[in-house]
Amino acid sequence: MGDGNVLLNINLKNNSAGSPVDGGIPINTMEILTKLLVADGDVVVIGGIKKEYDSNNKNQTPGVGNVPVIGNLFKGKSQKDTLNELLVFIAPRIL
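Computed from a predicted structure; not experimentally measured. (Residues numbered from 1 in each chain as written. Predicted model: local features only at pLDDT ≥ 70, side-chain atom pairs only at ≥ 80, totals over all residues. Heavy atoms only, no water.)

> Teacher, can you tell me more about the environment of Leu8 here?
In this structure, Leu8 sits in strand β1 (residues 5-13). On the basis of relative accessible area, Leu8 is assigned to the buried category, the value being 18%. Setting aside residues up to four positions removed in sequence, Leu8 forms contacts with Thr34, Lys35, Leu36, Val38, Ile90 and Pro92. (Helix = DSSP H or I, 4+ residues; strand = E, 2+ residues; numbered from the N terminus. Buried < 20%, exposed > 50% of the residue type's maximum accessible area, 1.4 Å probe, protein only. Contact = heavy atoms within 4.5 Å.)

> Help me understand a nonpolar patch on the surface, please; the structure alone is not making it clear to me.
A contiguous nonpolar surface patch, about 570 Å² in accessible area, is contributed by Val64, Val67, Val69, Ile70, Leu73 and Phe74. Structurally, Leu73 can be placed in the loop between β5 (44-60) and β6 (75-90). Its relative accessible area of 71% is what places Leu73 among the exposed residues. (Patch = residues over 30% accessible without salt bridge, like charges linked within 9 Å, V, L, I, M, F, W, Y side chains within 5 Å. Areas by Shrake-Rupley, 256 points an atom, 1.4 Å probe, with all protein chains shown as cover. Salt bridge = Lys/Arg side-chain N within 4 Å of Asp/Glu carboxyl O.)

Shown next, in the form of structure tokens:
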């Protein structure tokens, strides 16, 4: 007779294509490998796989954007910071 616990071997992967280089496209690999002992019906959250993206863009109208004082009316800047985190919720049940 069991004790109501579940032993799990977890292997999570979050792979993505990298920046193209000569000869192919590399794969960015993020992986979590762990063992869990969880009571029947309990919920476990696994996190830690994060991706952060930063971008800075500057735009200007050619020629007019370089004119002192008035040129600022024809320029623009944008900054974007994004953080994505993968959370996995596991709730094992004994049948």
